[in-house]
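Summary of the model geometry
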Amino acid sequence: SFNVSGLTAPFLLQGAGTAHGNNYTLYSLSANAGTCNINPLTHLAVTMANGGQDPATIFVTPAPTQIASISAALPQAVADIQDKLAPIFSQIGASPVNVITDQMTANGQGLDLLFDIVSIAVGNGSVSMVNKSDGGIILPSTSIAGGVLSGNPNVSIMSSLYTITGSITRADMGLPRELVQAKSKAPPYPHTPVILVRTDAQGNYELLVPNGTYEVCGSAAGSISRLCVYVTVSNANVTGINFPQLFGPIG
């Protein structure tokens, strides 16, 4: 969160830190105040809008004309990513209109699922994508010189994804939707991220996951109780993981 009162848009943003022993420096750009994602795809978009060059130098020594130039080129870069990576977005069950401004939740689904299973490397005027689980090359080193993503991903290389579906049964559907949580207990996730989804109005849920063993837990709205089961996904969708009416309201 940044207070931009009195500042002039557009804003070039940097996110830097360490996660799971790896160092990351990612960039994004916001045309005005409001939500702005910072993730590997926003970093790709900003780099493309900068003619394929890393924006690090501009961030250290900002020049308004350069930032304005990136801002002007950014919509086309975002559109190019949306077009060229559409097969990947479809594979993970996400269709973002804008990787920078669309609302994103770190819940292990959609774009967050993509970042869990795919490594996206941007540098030296190119981008590449590989499976984290086995190193399979989804997109070989591909030029982004001139702000254009010239290659097409091979989604058949991506880790296959399957669904875990079920429901939470409750008599009173007037409370907020129930929460379903899944946590991987085996590869391909090396750091066991937690997957969080809410049921629909009928109490049904769907989790999109790679092969693996998961601890799936259901929690009723307004309750401190939850029930957990272990689920193994092996090259097929898993159905029938239903949580019974075991939960009561707090108090």
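Read on for a plain summary of the structure.

Conventions adopted
Residues numbered from 1 in each chain as written. Predicted model: local features only at pLDDT ≥ 70, side-chain atom pairs only at ≥ 80, totals over all residues. Heavy atoms only, no water. Buried < 20%, exposed > 50% of the residue type's maximum accessible area, 1.4 Å probe, protein only. Helix = DSSP H or I, 4+ residues; strand = E, 2+ residues; numbered from the N terminus. Pairing = 2+ DSSP bridges. Axes fitted to C-alpha atoms, helices over the stretch in contact; angles between N-to-C directions. Contact = heavy atoms within 4.5 Å. Core = buried A, V, L, I, M, F, W, Y, C linked by side-chain atoms within 4.5 Å. Polar contact = N/O pair within 3.5 Å; in protein donor to acceptor, adjacent residues only side chain to side chain.

Residues Ile-195 and Val-197 point to one face of strand β8 (residues 194-198) and are all buried, whereas Val-194, Leu-196 and Arg-198, pointing to the other face, are not buried. Two strands pair when backbone bridges link them, and strand β7 (residues 179-184) and β8 are joined in this way by five bridges, in the antiparallel orientation. Bridging across to β8, Gln-181 finds its partner in Leu-196.

The sheet built from three strands is open, its strands ordered β3-β4-β5 with antiparallel pairing. Bordering the open sheet on either side are β3 (118-123) and β5 (137-143), each of which pairs with just one other strand. Neighbour-to-neighbour, the strand axes of the sheet open up by a mean angle of 10°, direction not taken into account. Here six bridges tie β3 to strand β4 (residues 126-131), and the two strands are oriented antiparallel to one another. Looking across to β4, one finds that Val-118 is bridged to Asn-131. Together, β3 and β4 form the strand contacts of helix α1 (residues 40-49), whose direction differs from that of β3 by roughly 25°.

Right, let's get into the nonpolar core. In this structure, Leu-41 and Leu-114 are the most contacted members of the largest nonpolar core, which totals 42 residues. Filtering out sequence-adjacent residues up to four positions away, Leu-41 remains in contact with Ile-81, Leu-85, Phe-89, Val-99, Leu-111, Leu-114, Phe-115 and Ile-120. Grouped together as the second largest cluster of nonpolar side chains are 17 residues, Ile-168, Ala-182, Val-231 and Phe-243 included.

What follows is about the side chain of Thr-42. Inspection of the secondary structure puts Thr-42 in helix α1. Residue classification places Thr-42 among the buried residues on the basis of a relative accessible area of 0%. The contacts of Thr-42, once residues within four sequence positions are left out, are Tyr-27, Ser-28, Asn-37, Val-99 and Ile-100.

Considering the arrangement of structural elements, one finds Asn-37 in the loop between β2 (22-30) and α1. Judged by its relative accessible area of 11%, Asn-37 is buried. One polar contact links the side chain of Asn-37 to the main-chain carbonyl oxygen of Val-99, over a distance of 3.1 Å. Among the polar contacts made by the side chain of Asn-37, one reaches the main-chain carbonyl oxygen of Asp-102 at a distance of 2.8 Å. Beyond its immediate stretch of four places on either side in the chain, Asn-37 contacts Ser-28, Thr-42, Val-99, Ile-100, Thr-101, Asp-102 and Met-104.

With that settled, the discussion passes to the environment of Met-104. Structurally, Met-104 can be placed in the loop between α4 (86-91) and α5 (111-117). Residues Met-104 and Cys-36, 68 residues apart in the sequence, show an inter-C-alpha distance of 9.6 Å. Those residues in contact with Met-104 that sit more than four places away from it in its chain are Asn-37, Asn-39, Leu-111, Asp-112 and Phe-115.

Before going further, it helps to spend a moment on the sheet that holds strand β10 (residues 212-219). Spatial ordering of the open sheet is given by β8-β7-β10-β11, a layout of four strands whose pairing is antiparallel. At either margin of the open sheet sits one strand with a lone partner, and together these are β8 and β11 (226-233). For this sheet, the mean angle separating the axes of adjacent strands, direction not counted, is 20°.

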